[in-house]
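# Topology and contacts: notes
In case you want the letters, here they are:
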Amino acid sequence: MFKGQYITLPIFQELNVERTDKQDEPSKPVIVYAGGLQKWQQVPKMIDVMEKTYDFYSYRFYCPEPEKMIAMLPKALRDNKKIHVGSRTPSELLKEYPQCHYGFILREDIIVNQVSCPTKVIEYLANGIVPVVDSEKIGDFANMSMQYVRLKDLADHRLPEESKRKEMVNINYDVYKKLLILHKTGVVELIKAVNR
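Cut-off values and rules
Residues numbered from 1 in each chain as written. Predicted model: local features only at pLDDT ≥ 70, side-chain atom pairs only at ≥ 80, totals over all residues. Heavy atoms only, no water. Helix = DSSP H or I, 4+ residues; strand = E, 2+ residues; numbered from the N terminus. Buried < 20%, exposed > 50% of the residue type's maximum accessible area, 1.4 Å probe, protein only. Contact = heavy atoms within 4.5 Å. Areas by Shrake-Rupley, 256 points an atom, 1.4 Å probe, with all protein chains shown as cover. Pairing = 2+ DSSP bridges. Axes fitted to C-alpha atoms, helices over the stretch in contact; angles between N-to-C directions.

Here the focus is the overall build of the chain. The secondary structure content of the chain amounts to eight helices and six strands. Looking at the 196 residues of the chain, the share that counts as buried comes to 44%. Sequence-distant contacts, at least 24 apart, represent 75% of the contacts inside the chain between residues at least 6 apart. For the chain, the accessible surface area stands at approximately 11,300 Å², while carbon and sulfur atoms represent 53% of it.

Structure representation (C-alpha cells):
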C-alpha cells in the first residue's frame, strides 16, 4: 500500500481587489474575455455567440494582439459599438472587471483541463464575474460549488435574473477565498517540506 504525503497548492497570485456592486439590473450585461487567441481558448465559439447575441449583450474582448482578433470577426461585427476589442495590462484589467458581469472561460472536457487552475477563473471569481463555460470540468472549481452559466444558455438569451446573478457572485467569492486559504496553506507546507 502506498504511503505518502501530499500538498494541495493551487497556483495563482493573490489578487488585491475591492469588491463593488455592479450596476443594478443592467440593460445590457457586459461579457468579457481576457486572454490569448490560442486554439484551446476556443475563440471561434465566442465569436459565434457574439454574432448571435450582440443585440442583447455588450462584449469586451482583451487579448495581446487585438488586430488578429478583429481580423477573425465577421465584417458586420468589426465596427459594432457593442463589441470592443483591445489590449490591457493585468493592472488595467482589474480596473475593467468591476464593469463586467460574465466572462468567457471555454475549455474542452479533457484531462489537462480537469486538473488545471486557470488564472482567468480566479480573476473572475475574485472580481464578481460569473464564468461562462462549455464544460464546467475545470480543476476543482465545480466541486467547490463554483456558479457558472453555460455557453448555450448565453447564446439562447437565458441569463439569470440580477438577484440570482448576485447570489452566484457571492458563492463564487467564497470559492475564491477557500482557494486562497488552500494556496497560502500549501505554500507554508511546501516550504516546510523543502527545508526538512
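The rest of the description comes next.
Across the eight residues that make up helix α6 (residues 119–126), a large majority, seven, are buried. Lys120, Val121, Ile122, Glu123, Tyr124, Leu125 and Ala126 are the residues of α6 that are buried. If you follow the buried residues of α6, they end up packed against β1 (30–34), α4 (90–96), β4 (102–104), β5 (130–133) and α8 (162–194). Looking one or two residues beyond α6, the residue adopting positive phi is glycine 128, at roughly 75°.

It is worth spelling out the sheet that holds β4 at this point. Consider a sheet: its strands pair through backbone hydrogen bonds, and that pairing is either parallel or antiparallel. With respect to topology, six strands assemble into an open sheet ordered β3-β2-β1-β4-β5-β6, the strand pairing being parallel. The strands lining the two open edges of the sheet, one partner per strand, are β3 (83–86) and β6 (149–150). In the sheet, β5 pairs with β6 via two bridges, with the strands oriented parallel. Directly across from valine 132, in β6, lies its bridge partner valine 149. Across the sheet, α6 is in contact with β1, β4 and β5; its angle to β1 comes to roughly 145°.

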